[in-house]
Amino acid sequence: MRCFDVGTNNPQGIYAGVDIGSLTTKSVIMKGGKVIGSSILHTGIQPEESGTEVLRMALDSISLSQTDLRYTIATGYGRISARYADDTATEITCHTKGVYHYNPSARTIIDMGGQDCKVIRVDESGNVSDFIMNDKCAAGTGRFLEVIASAFKVGLDELGPMALEGTECVPISSTCTVFAESEVISLLARGEKPENILRGIHNAISNRIAGMAFRVGVEKDIFFSGGVAKNAGMKSALEGVFHESILIPGFDPQLMGALGAAVLAGNLGSGE
Amino acid sequence: MNMALTNLQKIQEAVERRPGEIDALKKNGQKVLGWIGYTLPEEIIHAAGIIPVRLGRGGDDRLVEIGSRYISTQNCVFIRATAGLFAENSDPYVQKSDGVAFDTTCMQVYRLGEVTKYYFRKKTFFLGVPRCFQTPQARQYFLMELEEFTLRLEEFSGKKIESHALAASIGLYNEIREAIKALYMHAAHDNPPVITWHEIYGVVHAGYYLDRQEYLALLKDLLHEIEELRDAGVVGKASKRVRILLSGSVIAPGDTKLIDIITGLNGNIIADDLWSGLDPYIGIDIREPTLKGIADAYMDRLLPPAIPHLDQSTDNRLHNLKDAVKESSADGVIYHSLRYCDSVTFKGLEMKEFLSHEKIPFLEIHTEYAKSDIEAIRTRSEAFIEMVKFRKQAGGRI
């Protein structure tokens, strides 16, 4: 486990953040401004159990228990059933806090998680100044990429590298998960190269994200967080569409929500 | 409705009695005219001795599905749900309406009128509305439409509208408008509040059905009670919650999704800029008790969202929203756009940019009546409230 100095935010005590997402549940434990423990697991059908379990795993990894925690914040869609937490905050606030604490130059965050994607504008104090989320559509989410990976019969982590190998960008006319899957099958049947199709898919999603970003504006530095940020093909496609460098936070991008929740727990729990 | 105020209870009881009262009045030969629209002067219906009832329901996805059998799914859910209301014919006011009037401000409302006539065989009345309110020709056209509408109402009721009856109805409606505005002032300015915005919204919707004379009397009693309680200091604690102004598409009776989410998150709705709320009651100044006076006043008031304003620099909708935010000391605006309510949806970005110059936080919630997006809306609304709170704590200009 790497330890990260979070600068001036250095509250005494041990604080936890738990991010209960639709696909994965994450926890980060912080002490003295440093991350001292973390864990990730697949979200089960009971979000509260997943949150409790991931927190226990993170604490076990550093031989602590819940009684050692001064304050815990839950975020993500499962935050509404998190009796183990002292308070809750939205993933929009938490991703912002998480990214900003390591990267105070962040002014725009593109977060792509399991079932939603969002573009967040950040002010100079590290607070949200505007945001937009996807609207009843899975395009640009981990769930969408899971469906596409299934259509290609490859692992989720293979999609990005395959897209980067594409020499052409096959136009994809729909980012609807169901129609995109049908389109992919048709394109494969027509003999299109899988790498080129995947490059097209990543490009189509990036264009969709750019459409969202238009409504809140984009300012450098642009950071990319959430589980999908581990997909190098998506990062590359976003850079192509935004014509800017897309930066990955200096900590596991999938843990940004939980990290931000822990940072916020430190602020609230220490009365800052 | 919160029954802490005695007169809220009385209004609720009056609403419950109303279907039976209307039945009795119909037995005595009085006609009921339901209406749906934005630029339809109810004063004229009232002056004709006809019982006016404002129709339409929201929030029920089942009615949307029923309505979608009769009207394109690319109409907004309010229109489809209301088509479903006619198809199902179980709403007491739809049942009791001897006719239904529609104006053409919103073309989806006009289509609903056509559907109502064609499929449900209702006697229908259409009031033409010009597309650009600002020109002399538009005023002339609207006056001619009102004259035609009046003739048809007289034919329907079998009674000529006398000028003194029209003057009396205009006077009554002016008083109702003033009372509604006074209620909204309490929601915006009293802290601790004696009456909440949500309660006032219910009172406005009660006025869709009640006898208008009785309604005015109830409004006056309610205002008197509020002022007495406030002056006596019989109120709760001052609220520090984030103050929200709600704007955008119609939030019809029965549609509580967004309101429940915001209030459940400790957001404090203190004002609105809605055609199902305050907007129909503001900016109407009928200078002479005639059809011309009515036509001019309706052309001069706040533009409904569906009407284009060709001189964009003088579009009073944007300025009205900004003024409403300042007047109510709102911390931010939540802009509710119903799917396929294009005239509101298209305005969203312009509203946002306009308000951003004033440093007024703005969140657009694009939704429909299905419950599938409740958690997504909750997250957006909660994040917006968090954002405003953090900015206030940081001392930033809201």
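Scroll up to find the structure.
All figures in this text were calculated on a predicted structure; none of them were measured in a lab.

Okay, the packing of helix α6 (residues 194-216) of chain A against helix α7 (residues 232-242) of chain A next. All names here are of chain A. Taken N-terminus to C-terminus, the directions of α6 and α7 make an angle of 55 degrees; their axes are 8 Å apart at the nearest point. With respect to their mutual orientation, α6 and α7 come out oblique. As for the relative orientation of α6 and α7, their crossing is right-handed in sense. Mapping the contact onto sequence places H202, N203, I205, S206, N207, I209, A210 and A213 in α6 and G233, M234, A237, L238, V241 and F242 in α7.

A word on the pattern of salt bridges. Residue and element names in this part refer to chain B. The full count for this structure, using the stated rule, is 39 salt bridges over all chains. A salt bridge links R230 to D190; the nearest nitrogen and oxygen atoms lie 3.6 Å apart. Within this pair, whereas R230 is found in helix α10 (residues 212-232), its partner D190 is found in the loop between α8 (163-189) and α9 (197-206), the two being separated by 40 residues in sequence. The exposure class assigned to R230 is partly exposed, which follows from its relative accessible area of 36%.

Right, let's talk about the layout of surface pockets for a bit. A volume near 950 Å³ is recorded for the largest pocket. Taken together, 41 residues form the lining of the largest pocket, with S22(A), G113(A), G114(A), Q115(A) and G142(A) sitting closest to its centre. Those elements that place two or more of their residues in the lining of the largest pocket are β2 (24-31), β3 (34-42), α2 (91-102), α3 (142-152) and α4 (156-164) of chain A together with α16 (374-393) of chain B. Looking at the lining of the largest pocket element by element, the count peaks at four residues for α4(A). Considering only residue class, the lining of the largest pocket consists of 11 nonpolar, 18 polar and 12 charged.

In this section: the sheet that holds strand β1 (residues 32-36) of chain B. Think of a sheet as strands paired side by side through backbone hydrogen bonds, with each pair either parallel or antiparallel. Residues and elements named next belong to chain B. Read across the sheet, four strands follow the order β2-β1-β3-β4 without closing on themselves; strand pairing throughout is parallel. One side of each edge strand has no neighbouring strand; the edge strands of this open sheet are β2 (51-54) and β4 (124-127). Neighbour-to-neighbour, the strand axes of the sheet open up by a mean angle of 25 degrees, direction not taken into account. Of the strand pairs in this sheet, β1 and strand β3 (residues 99-103) are connected by four bridges, and their pairing is parallel. Bridged to I36 within β3 is F102.

Attention now moves to the interface of chain A and chain B. In this complex, chain A contributes 22 residues to the contact, which on the side of chain B involves 23 residues. Of the roughly 1,900 Å² buried at the junction of chain A and chain B (both faces included), carbon and sulfur atoms supply 52%. When the shortest N-O distance is used, the salt bridge between K352(B) and D130(A) registers 2.6 Å. Taken together, the links from chain A to chain B amount to nine residue pairs in polar contact (both at pLDDT 80 or more). Listed by contribution, the elements that provide at least two residues to the side of chain A that touches chain B are α2, β8 (128-133) and α6 of chain A. Ranked by the residues each element gives to the side of chain A that touches chain B, the list is headed by β8(A), at five residues. Tallied by class, residues from the side of chain A that touches chain B come to nine nonpolar, six polar and seven charged.

So, how was this worked out
Residues numbered from 1 in each chain as written. Chains lettered and ligands numbered in written order. Predicted model: local features only at pLDDT ≥ 70, side-chain atom pairs only at ≥ 80, totals over all residues. Heavy atoms only, no water. Axes fitted to C-alpha atoms, helices over the stretch in contact; angles between N-to-C directions. Helix = DSSP H or I, 4+ residues; strand = E, 2+ residues; numbered from the N terminus. Parallel < 35°, antiparallel > 145°, perpendicular 65-115°, else oblique. Left-handed = near helix turned anticlockwise from the far one by under 90°. Contact = heavy atoms within 4.5 Å. Salt bridge = Lys/Arg side-chain N within 4 Å of Asp/Glu carboxyl O. Buried < 20%, exposed > 50% of the residue type's maximum accessible area, 1.4 Å probe, protein only. 1 Å grid on protein atoms, 1.4 Å probe; cavity = no way out; pocket = protein on both sides within 12 Å on 5 of 7 lines; lining within 4 Å. Points joined across faces, edges and corners; volume = space filled by probe spheres on them. Nonpolar A, V, L, I, M, F, W, Y, C, P; charged D, E, K, R; others polar. Pairing = 2+ DSSP bridges. Buried area = accessible area lost by both parts, 1.4 Å probe. Polar contact = N/O pair within 3.5 Å; in protein donor to acceptor, adjacent residues only side chain to side chain.

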